[in-house]
Amino acid sequence: MTTTAINRPPGGRYALGHTPDEYERLRAQARMWDAATGRLLDQIGLGPGASCLDAGCGPGETMRAMAERVGSAGRVLGIDADAALGGMALEMLHGDGYRHCAFHAQDLTAGEPIPGAPYDLVYARLLLFHLPQRVDVLARLWEAVAPGGHLLVQDFDLRGTSSLPQLDSVADGLRLVTGAFGAASADVSAGARLPQLFAQAGVGTPDGTDVAGHLM
Ligand SMILES: C[S@@+](CC[C@H](N)C(=O)[O-])C[C@H]1O[C@@H](n2cnc3c(N)ncnc32)[C@H](O)[C@@H]1O
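Residues numbered from 1 in each chain as written. Predicted model: local features only at pLDDT ≥ 70, side-chain atom pairs only at ≥ 80, totals over all residues. Heavy atoms only, no water.

Some words on the sheet that holds strand β2 (residues 75-80)
If you trace the five strands from one edge of the open sheet to the other, you get β3-β2-β1-β4-β5, paired in parallel fashion. Both edges of this open sheet fall to β3 (101-105) and β5 (145-154), since each of them pairs with a single strand only. With strand direction ignored, the average angle separating the axes of adjacent strands in the sheet is 20°. Pairing of strand β1 (residues 51-55) with β2, which is carried by five bridges, proceeds in the parallel orientation. (Pairing = 2+ DSSP bridges. Helix = DSSP H or I, 4+ residues; strand = E, 2+ residues; numbered from the N terminus. Axes fitted to C-alpha atoms, helices over the stretch in contact; angles between N-to-C directions.)

What follows is the structure, given as structure tokens:
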């Protein structure tokens, strides 16, 4: 398959690249996570008027889920290092009537202040996995949470991935993928490590854990 690089975002070391194929994969992956993420947003009681930050928002599908819940009295900001992807996300959201969404291009590892803080909800899905600076970024995200607000993080633990029936091709593919991610300083067990990362970032013990199995 041929892919075309369409932009090189600031701090663009995202291992999976910035191509139309990757953007489409992210959208498909987001659809698979939709129910699990929606369940968590409802569990924390996200409702009308709340302010939300989606850190590493990618294609903006979680921004949509937030925007539906907070309504026009609320606000949703997506931050991503990939300005082109964020721009497309915002165009789609505004086109669907979610004018209370905004996007800001920012490399979250650069140590710059998070605009618009504090937020009732700061959320990051499949972001920390990719970042060698995941503890620092998590600490900064925590600083952006309003008193009484929530920090909600979803991430992968790829170590338990397998297939039934067991197939050598799947096992080989997984070895390749986890090896490539490891070489790019990603942490394939970031999801399982979230409580540890929370402690290291000074956030404290998470209130709860939800486990779902979606891989795309
Ligand atoms: C696997 S995608 C997840 C996207 C979205 N959170 C979702 O679940 O649909 C990871 C996203 O993090 C963004 N990203 C990677 N490194 C980043 C950084 N240093 N600062 C901001 N965003 C970053 C990528 O551009 C990409 O959109």
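What about the nonpolar core?
Counting residues in each nonpolar core, the largest one holds 24 residues, and the members touching the most others are Leu53, Ile114, Val122, Leu138, Leu141 and Leu151. Only β1, β2, β4 (119-125), α4 (134-143), β5 and α6 (194-200) provide two or more residues apiece to this core. With near-sequence residues (within four places) excluded, Leu141 lies in contact with Leu53, Ala55, Ile114, Val122, Ala124 and Leu151. Within the second largest apolar cluster, 20 residues are counted, among which are Leu40, Leu41, Leu90 and Tyr123. (Core = buried A, V, L, I, M, F, W, Y, C linked by side-chain atoms within 4.5 Å. Buried < 20%, exposed > 50% of the residue type's maximum accessible area, 1.4 Å probe, protein only. Contact = heavy atoms within 4.5 Å.)

Quick look at the pairing of β3
Two elements, β2 and β3, share five bridges in a ladder whose sense is parallel. Paired with Asp80 across the two strands is Ala105, which belongs to β3. Taken together, β2, helix α3 (residues 83-95) and β3 constitute a β-α-β crossover, and its handedness is right-handed. (Right-handed = clockwise from strand over helix to strand, strands pointing away.)

Examining the site of the ligand
If you check the shell around the ligand, you find 20 residues, and the closest are Gly56, Asp80, Asp107, Leu108 and Arg125. Gly56 is positioned with one of its backbone polar atoms (N or O) 2.7 Å from a nitrogen atom of the ligand. Contact distances for the ligand include 2.7 Å between an oxygen atom and a side-chain N or O atom of Arg125. When the free accessible area of the ligand is taken as 590 Å², the share hidden by the protein chains comes to 97%. Looking at the shell around the ligand residue by residue, the classes come out as 11 nonpolar, five polar and four charged. (Near = heavy atom within 4 Å. Polar contact = N/O pair within 3.5 Å; in protein donor to acceptor, adjacent residues only side chain to side chain. Areas by Shrake-Rupley, 256 points an atom, 1.4 Å probe, with all protein chains shown as cover. Nonpolar A, V, L, I, M, F, W, Y, C, P; charged D, E, K, R; others polar.)

Some thoughts on the state of the cysteines
One covalent bond between the sulfur atoms of two cysteine residues makes up a disulfide. Applying the stated criterion to the full structure yields zero disulfides. You can see Cys52 has no disulfide; the closest cysteine sulfur is in Cys101, sitting 8.9 Å from it. The thiol of Cys57 is not disulfide-bonded; the next cysteine sulfur, from Cys101, is found 9.7 Å away. (Disulfide = S-S within 2.5 Å.)

Description of the side chain of Arg64
Inspection of the secondary structure puts Arg64 in helix α2 (residues 61-70). Once residues within four sequence positions are removed from consideration, Arg64 is found in contact with Met92, Leu93, Asp96 and Tyr98.

Remember, this is a structural readout, not a statement about activity or role.
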